[in-house]
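Residue-level structure breakdown
The primary structure of each chain is shown beneath.
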Amino acid sequence: MKKISTLALALIAMGSLSMPASAQVKFEPVSTPTLESGWYQMRQVVGVTRKDISATAPRYVYSAETAKNGKYYFASDAAQKSDATAFVYVDNTDGKYAIKSINGKWGDFVAISSNTKPATYDITQVDKNNPTQYRVGTKSYWEDWQNWNYIAGSQNSGNARFEFSKVNPADNYDVYSVVAAGDFNPKTMQITVTNTLETNKGTKTVYNGGSFFFTKGTTVTQDNFTVVDDGTTGYSKTVKFDATAKTLVVEYTLDDKENKYVTLLTSSKADVAKTGVGLPKAESEARTTLNAAITAFESDKTYEKYVALSEAQTAYYKSTDVLMPEDGKVYVITNVQQDGTCYYFSYSTSRLSAVSDKTKAAQFVCRVVDGKYVFVNVEDGKYLVVAAKNNAGTNSGKGYIESYDAKWADLTLKKNSILSCFNIGGKRSETGKPQEGNFIVDKKDGAFNGWDMTELNRADCTTAFKLEEVSYPNTVTFNTVTDVEGVNNLATFSAPFATVIPEGVTAYYVSTADNTKATMKAIEAGKAIPANAGVILTSTTGTEATMIPATTETAAELTGNKLGNSAGAAKTIAAGDNAYILAKGDNGTAFYKGKVGTTLGMNKAYLTLNVAGAEQAISMNFGGNVTGINQIVNAEQNNAPVYDLTGRRVVRTVKGGLYIKGGNKFIAR
């Protein structure tokens, strides 16, 4: 070390000469397994992408005045800095580390600057033969990357090594700390403090948590600092300077705090109470976190808990772990503008439109196909497709196709940033750009516009769509029957769209019928129920079954089907219908003549005869592809002889007994 003259030492003692720069930045590497919190000098001694770095040719890490490309606050240089920019602050909290520039900016896992302390990383001795050398990072690692002269890092930088030298800046500097206090949220608010005194030997600009380094003995006043803040709308501030404590505290107070606390708590409770499609699932992290933040804030109404609740609510809005549309459920699709204006998908004209009258809203039943979504209009079975401008796309851009085509009907749903909303997109054109696009609606008139597959939420248009579940009779409730051999659950069904026969369910149509008997024929396995066709359903698996739209399934041919339908609308029975309704009456489970003027609910089926039938019940004969299920009749229905199961003729039947009449089994009543 260069010796200091006796005269120089005397001048230093009198305060008329500063300590030489070379003495201020002496580098003495530490070699402890862990680093304690405090100020250090830092240098890189092993490079990865830079081959010119070595123990004899190190690169010194220093706190930069300005960021490179707005990102990095740690620069590197072959020359050792002689002022306070040579320092960095190492924070060790429970064995986890973070490194801070003197300006208050933290370096994250690849040294990118952050206003808040990162989730921490490791500073680790990895070579017992070189105990002064440390690796910085976890999974991704710091290094002077690709000759940038700024510290960056990557997953491939694990062989980079650094040395640290412990320093005490107070030996040579008056260190003034800058602190933002009170109602200050470092994630959304920032202070920028400048001091341009010549005696400032660190950076001229610092942020929250930063430090100014003045030549020892410098007189500093509040007027020497300029404070600029950002993100502080709705806050009041007070600047407090303490020359003795060497602190500049900028304290913030949230305006109208009590009212804002109540407003946030009320809206958060309302948000978390909502459930349904597009909203976070019951078990989602976002919903759990929001509930916990509400509880914490209710018990302790502090600013910190207020910020935590606000962040939890924001995360709730952005969560993508939401309930998606489900097979067989029926939805109204609503476009939601930024100001709350709503437009509803409608087929009230000859093409898809977005209307402001909800009473004209179309209802769509959903089918999920390989992660894509198919929506079928329950009124007429049209498949929803992207409504293209200028008649482009399939079917002249009308927004529907009559039959399923995966290329057009398979739609993509992605969570929109607006709560409970989705972006809905798909193929929109065979030519031009873009050929794929989201639905987008203009606010001024509800017109469909053109857009690509990205989200767009503006004051004049938006890609945000909400799916509101509505009640619709495509979930069949079976009636329990005890008088039909081999059948436990029975129902009728029809729909304006072709439907898939659920597992455990068999669908039948009536191939022939007369005044006494209807012959049932099973639909071939793997085939779909055609649109607007009445069928009888039996179930072996449960009391309910949800009927979903057919896509690639081929609709069965129901030649001569004698079952009428009320697909899409309730049916009022007229005199000429010759309608018989499936019911459990005096003669057991059978078709009974429908009373003229009565109404059959939507999506049901009924038996029709070519001519007016008799008043008695018409029994069902399940034949064809199914055995063991036979016609059910009453023992007194006609005069045919009755036999028991051994073939002996009987004169009187016993209630509940099983007998044979006319070649058919029946249960006596």
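Computed from a prediction, not measured in an experiment: that's the story for all the values here. (Residues numbered from 1 in each chain as written. Predicted model: local features only at pLDDT ≥ 70, side-chain atom pairs only at ≥ 80, totals over all residues. Heavy atoms only, no water.)

**Considering the sheet that holds strand β34 (residues 479-480)**
Strand order in the open sheet formed by six strands is β34-β35-β38-β36-β37-β46, with mixed pairing between adjacent strands. This sheet does not close on itself; its edge strands, each paired only once, are β34 and β46 (619-622). Alignment of strand β36 (residues 505-513) against strand β37 (residues 517-522), held across five bridges, turns out to be antiparallel. Paired with Tyr-509 across the bridge in β37 is Lys-521. (Pairing = 2+ DSSP bridges. Helix = DSSP H or I, 4+ residues; strand = E, 2+ residues; numbered from the N terminus.)

**Overview of the side chain of Ser-154**
Within the secondary structure layout, Ser-154 lies in strand β11 (residues 151-154). Within the local environment of Ser-154, its side chain forms a polar contact with the side chain of Ser-157, the two groups lying 3.2 Å apart. Once residues within four sequence positions are removed from consideration, Ser-154 is found in contact with Val-110, Ser-140, Tyr-141 and Trp-145. (Polar contact = N/O pair within 3.5 Å; in protein donor to acceptor, adjacent residues only side chain to side chain. Contact = heavy atoms within 4.5 Å.)

**Some points on the environment of Asn-621**
Secondary-structure assignment places Asn-621 in strand β46. Remark: the alpha-carbon pair of Asn-621 and Lys-517, spanning 104 residues in sequence, is separated by 6.8 Å.

**Considerations on the packing of aromatic side chains**
Pairs of aromatic rings are described using the distance from one ring centre to the other and the angle between the two planes. A full pass over the atoms with the stated rule returns 34 aromatic pairs. Here Tyr-121 and Trp-142 contribute two aromatic rings whose centre-to-centre distance is 5.8 Å and whose plane-to-plane angle is 50°, an arrangement assigned as tilted. With Tyr-121 in the loop between β7 (113-114) and β8 (123-125) and Trp-142 in strand β10 (residues 140-144), the pair connects residues that are 21 residues apart, well separated along the chain. Considered together, Tyr-121 and Trp-142 belong to a single accessibility category, that of buried residues. A network of ring pairs unites the aromatic residues Phe-345, Tyr-347, Phe-364, Tyr-400, Phe-439, Phe-448 and Phe-465 as a single cluster. The ring of Tyr-207 has Lys-105 sitting right over it, with the charged end atom 4.6 Å from the ring centre. (Phe/Tyr/Trp six-rings, centres within 6.5 Å; stacked < 30°, edge-to-face > 60°. Buried < 20%, exposed > 50% of the residue type's maximum accessible area, 1.4 Å probe, protein only. Lys NZ or Arg CZ within 6 Å of the ring centre and 35° of its normal.)

**What to know about the packing of helix α3 (residues 257-273) against helix α4 (residues 285-299)**
Packing of α3 against α4 leaves a shortest axis separation of 10 Å and a crossing angle of 145°. As α3 packs across α4, the resulting crossing turns out to be left-handed. Only Arg-287, Leu-290, Asn-291, Ile-294, Phe-297 and Glu-298 of α4 make contact with α3, whose side of the interface consists of Tyr-261, Leu-265, Ser-268, Lys-269 and Val-272. Residue classes in the contact of α3 with α4 are distributed as six nonpolar, two polar and three charged. (Axes fitted to C-alpha atoms, helices over the stretch in contact; angles between N-to-C directions. Left-handed = near helix turned anticlockwise from the far one by under 90°. Nonpolar A, V, L, I, M, F, W, Y, C, P; charged D, E, K, R; others polar.)

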